[in-house]
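Architecture and fold: a report
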Amino acid sequence: SKRFYPALEERRTYFDEFPFRHKDGRDIICMVGASRIGDLLKERMIVATYEDITGRKRAEEELREHRGYLEKLVDVRTNDLKNTNELLKHEITERKQAEELYKTLAEKSITAVFIMQDGKFRFVNATAISYAGYTPEELIGKNSMFLVHPEDREKVKKKGREMLQGKDTTPYEYRIVTKQGQVRWVMQTI
């Protein structure tokens, strides 16, 4: 009544939660709603309802606990992702720097340098281009065997496989046919 009567003097209805003891001895929580009878609370007459909300309160508490647990998991995962993202940024920067360094070394090399993927040229430096007489656009994307003299193609394939498998590390010589139709000898290592 210390809470209800002052509240009901100001407004017609009032709701609040209270701990109660059930007749079987269990502690429960009830939502108590009260409304005054009449326009004023002169007679101090009210109508009250009691609703056992113990189950709902327990469910709310469990939800709060689970939410807290999930928020912690999200924080941990977010931090993990942040750290991973930073590592990836660092790795990307390092790779870009290494790529730039490789490109500079490859482009400035007096030795022919080329990169092949699936048997096709993906990168060719200026020295390699000068040996063969083609432009980069004429080589990039083309099958590399078209440059190799027809009589040396099987040897080049065999030696290439052996080097990629680590069975042989000795550079080998073979002939190429330039854009102008000249035959030139080259030495290669993979």
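Remember, it's a predicted structure, so these values are computed and weren't measured experimentally.

Further remarks concern the pattern of salt bridges. Using the criterion set out here, one finds 17 salt bridges in the structure. Linking Arg 64 and Glu 61 is a salt bridge whose minimum nitrogen-to-oxygen distance equals 2.9 Å. In this pair, Arg 64 and Glu 61 both sit in helix 2 (residues 54–108), three residues apart, roughly one turn of the helix. Taking the shortest distance from any N to any O, the salt bridge between Asp 152 and Arg 175 comes out at 2.9 Å. A residue pair is termed long-range when its members are at least 10 positions apart, and Asp 152 in the loop between helix 4 (136–139) and helix 5 (153–164) and Arg 175 in strand 6 (residues 172–177) qualify at 23 residues. For Asp 152, a relative accessible area of 8% puts it in the buried group. For Arg 175, a relative accessible area of 17% translates into the label buried. Each of Glu 17, Arg 56, Lys 57 and Glu 60 takes part in a single network of salt bridges with overlapping partners.

Secondary-structure assignment places Thr 127 in helix 3 (residues 126–132). When residues no more than four places from it in sequence are discounted, the contact partners of Thr 127 are Ser 109, Ile 110, Thr 111 and Ala 112.

So, on to the sheet that holds strand 2 (residues 27–36). Strands sit in the order 1-2-3 across an open sheet of three strands; the sheet is antiparallel. The sheet is open, and its two edges are formed by strand 1 (13–21) and strand 3 (46–52), each paired on a single side. On average, each strand axis in the sheet is tilted by 25° relative to the strand beside it, whichever way the strands run. By the bridge criterion, nine bridges tie strand 1 to strand 2 in an arrangement that is antiparallel. Within strand 2, the position partnered with Thr 13 by the bridge is Ser 35. Sheet contacts for helix 2: strand 1, strand 2 and strand 3; angle to strand 2, the most-contacted strand, approximately 115°.

Aromatic ring pairs are described here by two measures, namely the spacing of the ring centres and the angle between the planes. Under the counting rule described, the total for this entry stands at seven aromatic pairs. Between Tyr 134 and Phe 146 the ring centres are 5.4 Å apart and the planes differ by 80°, which places this aromatic pair in the edge-to-face class. Of this pair, Tyr 134 sits in the loop between helix 3 and helix 4 while Phe 146 sits in the loop between helix 4 and helix 5; the two residues are twelve residues apart in sequence, bridging distant segments of the chain. The exposure class assigned to Tyr 134 is buried, which follows from its relative accessible area of 16%. With a relative accessible area of 29%, Phe 146 lands in the partly exposed category. The ring of Phe 146 is capped by Lys 142, whose NZ or CZ atom sits 5.7 Å from the centre of that ring.

A few words now on helix 5. The terminal C-alpha atoms of helix 5 lie 16 Å apart, and with twelve residues this matches the ideal 16 Å at 1.5 Å per residue to within 8%. All of the buried residues along helix 5 are Val 156, Lys 159, Gly 160, Glu 162 and Met 163. For helix 5, the angular spread of the buried residues around the axis is 165°, confining them to a single face. Counted as exposed and oriented over 90 degrees from the buried face of helix 5: Glu 154 and Leu 164. Structurally, helix 5 contributes buried residues whose contacts are with strand 6. Positioned one or two residues after helix 5, Gly 166 has a phi angle of 80°, which is positive.

Rules used in this analysis
Residues numbered from 1 in each chain as written. Predicted model: local features only at pLDDT ≥ 70, side-chain atom pairs only at ≥ 80, totals over all residues. Heavy atoms only, no water. Salt bridge = Lys/Arg side-chain N within 4 Å of Asp/Glu carboxyl O. Helix = DSSP H or I, 4+ residues; strand = E, 2+ residues; numbered from the N terminus. Buried < 20%, exposed > 50% of the residue type's maximum accessible area, 1.4 Å probe, protein only. Contact = heavy atoms within 4.5 Å. Pairing = 2+ DSSP bridges. Axes fitted to C-alpha atoms, helices over the stretch in contact; angles between N-to-C directions. Phe/Tyr/Trp six-rings, centres within 6.5 Å; stacked < 30°, edge-to-face > 60°. Lys NZ or Arg CZ within 6 Å of the ring centre and 35° of its normal. Expected span 1.5 Å × (residues − 1). Arc of directions from axis to C-beta.

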